[in-house]
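# Coordinate analysis (summary)
One letter stands for each residue in the lines below.
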Amino acid sequence: MRPSQALAPPQSAAPDPQLLLAWYDRHKRDLPWRAPRGVRPDPYAVWLSEVMLQQTTVEAVKPYFGRFLARWPDVAALAAAPLHEVMQAWAGLGYYSRARNLHACAGRIVEHHAGRFPDSEAMLRTLPGIGPYTAAAVVAIAFDRPTAVVDGNVERVVTRLHAIAQPVPQARELIREAVERLMSRERPGDFAQGMMDLGSMVCTPQRPACILCPFATACRAHAAGTPEVFPRKASKGPRSRRAGAVFVVHRADRCVLVRTRPAKGLLGGMTEFPGTPWAADFDLRTASAFAPIIADYRRLPGEVEHVFTHFALTLAVFSASVRGDLAAPSGHRWVTEADLDREALPSLMRKVLAHARTGARAAPDQACL
DNA sequence: AAGACGTGGCA
DNA sequence: TTGCCAAGTCT
């Protein structure tokens, strides 16, 4: 090597997809929805996993994926399932419109596509719950066809690789084009998954392990010494806070009063304990007007705290017991304690239930409503 | 086009 | 406790 070359500024070689594939072959994660090298995975399993993984961590998805696949081994089985069973099985995973769309999508696949997943992105995009990312992921991973798969991981890897300083929304097309140029045409599925593994294991949001990165020599952000400033994101304002109250009513025959939330919106279609609306200016003294049944309510000590993406919620819990022959008010129903586990109870309502169970024992009497 | 839409883990 | 983050989609 000539001295002039040694002294020259770091020469960034164009990133090579083979480097990523070699890294992936050595370090890829063993995930339940991944097929062995060279084996085409079941498009149904790929689609199911991709929908579950939308904004959701791998660890959270694993047990749900296993249960869904065991219970509904193919699209036809899922399409034939009652929606409420799917919602129940999804309970706890979050973003519940995904479960509704999953079921609707399965129905469309069976009705309009002879039970087989389309292999074209454009066709997949027309299906409920399948957006640009999921359509590309299914085409690349399940059908091993070359297409640019861009998720949050890929955005991070690519904005660092090219030191793209525009905030992500504006940079999206630039990122897609960069992936288009970079991706492997020979192993599109492995390339897509390799980029995501790289993003989650090496090119992490904080303290990326650049020393382990197959793209390190080509990476502009690494060269600049500031990988973690990419991607640039618009800062969000402070999270707002709301409050409300819920009523846990026990009947003498060990039933609990519940209702189903409207299909759309927050926790859409999920089971809940009746309560007040949730409001920033909630006043506890107005809670009684929302009690589902006339009864002797006791306020349980403490509160249930829950954080949604766009607001934090504080819930007061009221508890009461009523006679064994009381009918459920319209829009409500009685469910046995045992059957409660088979309800589509979101995490928030499981917290309420746990609070009611412990609170009822710890402090039988407090303020009355 | 910006905001709604869950949850749990971690600094 | 608060904020950020995780394989996005829909409106």
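On to unusual backbone geometry. Going from Phe 230 to Pro 231, the amide bond is cis rather than trans, its omega being -5°. By the element assignment, Pro 231 lies in the loop between helix H13 (220-224) and strand E1 (240-251). In this structure, Arg 207 is a non-glycine residue whose phi angle is positive, near 45°. Positionally, Arg 207 belongs in the loop between helix H12 (188-201) and H13. With a relative accessible area of 76%, Arg 207 lands in the exposed category.

In the neighbourhood of DNA strand B, 18 residues make up the surrounding shell, with Tyr 96, Leu 267, His 306, Thr 309 and Ser 347 lying closest. Backbone atoms, meaning sugar and phosphate, form 64% of the atoms of DNA strand B found within 4 Å of the protein. Separating a phosphate oxygen of DNA strand B from a backbone N or O atom of Leu 267 is a distance of 2.4 Å. Here a phosphate oxygen of DNA strand B and a backbone polar atom of Ser 347 are 2.7 Å apart. Of all elements in the fold, only strand E5 (304-307) and helix H15 (347-362) reach the threshold of two or more residues within the surface near DNA strand B. When grouped by side-chain class, the residues that make up the surface near DNA strand B number nine nonpolar, nine polar and no charged.

Okay, the layout of surface pockets next. Considering only enclosed or pocket space, the second largest pocket measures out at about 550 Å³ in volume. Every residue lining the second largest pocket is counted, 24 residues in all, and those nearest its centre are Gly 94, Tyr 95, Tyr 96, Leu 267 and Phe 308. At the level of secondary structure, the elements contributing two or more residues to the lining of the second largest pocket comprise helix H7 (97-112), E5 and H15. Considering only residue class, the lining of the second largest pocket consists of eleven nonpolar, eleven polar and two charged.

Before going further, it helps to examine the protein's contact with DNA strand C. Taken together, 25 residues lie around DNA strand C, and Gly 129, Thr 134, Asp 151, Asn 153 and Pro 205 are the ones closest in. Of everything in DNA strand C that lies within 4 Å of the protein, sugar and phosphate atoms constitute 64%. Gly 131 places a main-chain nitrogen or oxygen 2.8 Å from a phosphate oxygen of DNA strand C. One of the backbone nitrogen or oxygen atoms of Gly 152 is found 3.2 Å away from a phosphate oxygen of DNA strand C. Those elements giving two or more residues to the surface near DNA strand C turn out to be helix H9 (132-143) and helix H10 (152-161). Here the surface near DNA strand C is built from residues that sort into ten nonpolar, eight polar and seven charged.

Applying the stated criterion across every chain, the model contains 23 salt bridges. The shortest N-O distance in the salt bridge between Asp 197 and Arg 34 comes to 2.5 Å. With Asp 197 in helix H12 and Arg 34 in the loop between helix H2 (17-27) and helix H3 (43-52), the pair connects residues that are 163 residues apart, well separated along the chain. For Asp 197, a relative accessible area of 0% gives the class buried. Since its relative accessible area comes to 16%, Arg 34 is described here as buried. Between Arg 350 and Asp 341 there is a salt bridge whose closest N-O contact spans 3.9 Å. Since its relative accessible area comes to 35%, Arg 350 is described here as partly exposed. The exposure class of Asp 341 is partly exposed, given its relative accessible area of 49%.

Of all the positions in H2, only Pro 17, Leu 20, Leu 21, Trp 23 and Tyr 24 are classed as buried. Across the axial projection of H2, the buried residues extend over an arc of 160°, all falling on one side. Buried residues in H2 make contact with helix H11 (168-182) and H12. In this structure Asp 16 caps H2, since a side-chain oxygen of it lies 2.8 Å from the backbone nitrogen of Gln 18.

What counts and how
Residues numbered from 1 in each chain as written. Chains lettered and ligands numbered in written order. Predicted model: local features only at pLDDT ≥ 70, side-chain atom pairs only at ≥ 80, totals over all residues. Heavy atoms only, no water. Helix = DSSP H or I, 4+ residues; strand = E, 2+ residues; numbered from the N terminus. Buried < 20%, exposed > 50% of the residue type's maximum accessible area, 1.4 Å probe, protein only. Near = heavy atom within 4 Å. Polar contact = N/O pair within 3.5 Å; in protein donor to acceptor, adjacent residues only side chain to side chain. Nonpolar A, V, L, I, M, F, W, Y, C, P; charged D, E, K, R; others polar. 1 Å grid on protein atoms, 1.4 Å probe; cavity = no way out; pocket = protein on both sides within 12 Å on 5 of 7 lines; lining within 4 Å. Points joined across faces, edges and corners; volume = space filled by probe spheres on them. Salt bridge = Lys/Arg side-chain N within 4 Å of Asp/Glu carboxyl O. Arc of directions from axis to C-beta. Contact = heavy atoms within 4.5 Å.

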